[in-house]
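Observations on the three-dimensional arrangement
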Amino acid sequence: MSISQMRVWLERNKVFFEIFSSSLIAAAAIAVGLASYLVSVSQLRVSEIATEPHFYIETTLYRDAESSSYNESEMRLLNAGAPVHNIVVDVKSFIKVNLFTEEVEPIYVPVVGYYFAQFPSHSPKGLVATFKGSKNNYYASQLYFAKLSPEVMNGRPYFDHTFVHVTSVDYLSPFGDRRKLAFLGREQVDPSVVKPILEKYEKFNPLEIEKLTVNSVLEAVNEQTGSKNATDLSPKFSAMTLMRFPIKYGSWRSQNEKTLQRRTNHQSHQTA
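Residues numbered from 1 in each chain as written. Predicted model: local features only at pLDDT ≥ 70, side-chain atom pairs only at ≥ 80, totals over all residues. Heavy atoms only, no water.

Concerning the packing of aromatic side chains
The description of two aromatic rings rests on the distance between their centres and on the angle between their planes. Rules: To pair, rings of Phe, Tyr and Trp, with the six-membered ring standing in for Trp, must have centres within 6.5 Å; the planes then decide the type, stacked if under 30 degrees apart, edge-to-face if over 60, and tilted in the middle. Helix and strand assignments follow DSSP, with helices taken as H or I runs no shorter than four residues and strands as E runs no shorter than two, numbered in order from the N terminus. Each residue is placed in one exposure class: buried if its accessible area under a 1.4 Å probe, protein chains only, is under 20% of its type's maximum, exposed if it is over 50%, and partly exposed if it falls in between. Placement of a positive charge over a ring is assigned whenever Lys NZ or Arg CZ falls within 6 Å of the ring centre and within 35 degrees of the normal to the ring plane.
Tallying each qualifying case throughout the model produces six aromatic pairs. Here the aromatic rings of F55 and Y171 are separated by 5.5 Å at their centres, their planes lie at 50°, and the arrangement is tilted. Pair noted here: F55 is in strand β1 (residues 55–64) and Y171 is in strand β7 (residues 160–172), with a separation of 116 residues, a long-range link. For F55, a relative accessible area of 3% puts it in the buried group. Between Y138 and Y139, the ring centres sit 5.4 Å apart and the planes meet at 65°, which makes this aromatic pair edge-to-face. Taken together through their ring pairs, the aromatic side chains of F94, Y108 and Y201 make up a single cluster. K135 extends its terminal NZ or CZ atom over the ring of Y138, reaching a point 4.7 Å from the ring centre.

Some remarks on helix α2 (residues 136–147)
Keep this limit in mind: Given the number of residues in a helix, its expected span is that number minus one, multiplied by 1.5 Å. Of all possible arcs, the one meant is that of the directions from the helix axis to the C-beta atoms. The contact criterion used is simple: two residues touch if any of their non-hydrogen atoms lie within 4.5 Å.
Between the first and last C-alpha of α2 there are 18 Å, a value that for 12 residues agrees with the 16 Å anticipated at 1.5 Å per step. The complete set of buried residues in α2 reads N136, A140, L143, A146 and K147. Buried residues of α2 fall within an arc of 120° about the axis and therefore sit on the same side. In this structure, the buried residues of α2 make contact with β2 (69–79), β3 (85–98), α3 (150–153), β7 and α6 (214–225).

Topic: the sheet that holds strand β5 (residues 117–120)
How we decide: In this analysis, strands are considered paired if DSSP registers two or more bridges between them. In this analysis an axis means a line fitted to C-alpha atoms, helices contributing only their contacting stretch, and an angle means the value between N-to-C directions, from 0 to 180 degrees.
With antiparallel pairing, the four strands of this open sheet are ordered in space as β1-β2-β6-β5. Edge positions in the open sheet fall to β1 and β5, since each of these has one partner strand only. Direction aside, the axes of adjacent strands within the sheet are offset by 25° on average. Examined bridge by bridge, β2 and strand β6 (residues 126–132) share five bridges and lie antiparallel to one another. By the bridge assignment for β6, L77 is matched with A129. Helix-sheet contacts for α2 involve β1 and β2, and the interaxial angle to β2 is about 120°.

Brief notes about α6
Compared with an ideal rise of 1.5 Å per residue, which puts 12 residues at 16 Å, α6 spans 17 Å between its outermost C-alpha atoms and is within 8% of the ideal. Those residues of α6 that are buried are in contact with β3, β4 (107–112), α2, α3, α5 (200–203) and β10 (207–208). Immediately beyond the C-terminal end of α6, within one or two residues, lies G226, with a positive phi of roughly 70°.

Quick word on the pairing of β2
Summarising burial for β2: eight of the 11 residues are buried, a large majority. Between the end of β1 and the start of β2, which pair antiparallel, lie four residues, with S68 showing a positive phi angle near 55°.

This is the structure in structure tokens:
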């Protein structure tokens, strides 16, 4: 193609080049505008986060010098974010019981007395409140040790348990509205997650931390599940076949009991 022919072709198709270049410039402008919008949204989010509080929970164990045991634990709520005011905190304690059955999910048994004292600092930032209990870790450990005793369990089903604390926080935001958040243990969760757990305080009587026993925990589990299987201690006889004759396990008698029975029979024969 000669130069003159190329000029003629360009003049005939210059309108297409103009449209294409205009479209390309418009697309680039849209891309730049979208990127600018995303940057502004990110900056707005950063500024919003800077005005929000950041609550978190710390727990500390205290060692008793006389017994050399960690009998008490303390919980603290702190704010490392923006200062907020009119903070209201409430803590509820539970025993999370796992019966290791597919039919029953973990059960939350309400407990009172674990953190019975609250000391608010009325500070909008830093330490917000401190929660204390008297020998709470000691009473909690006694329940763990009781499950290791064959005499205490005495045929009761084994269960796993942990102490869980639900912390509800209500505060006044910098924008003037009331906001709520919750902690399940030390993990921050949506308040709707812990709402079914907190409702158990209204439906069932909480157990006292000083009077916790294996039997009281299992009875509380039965109250929630509507079952008596957890604390059913009635004797269970297992049939077996030996030499084609069905037999049952008989009650075991100690040597002293057998000797006492022989003496009683001997005295009755002498009297006769």
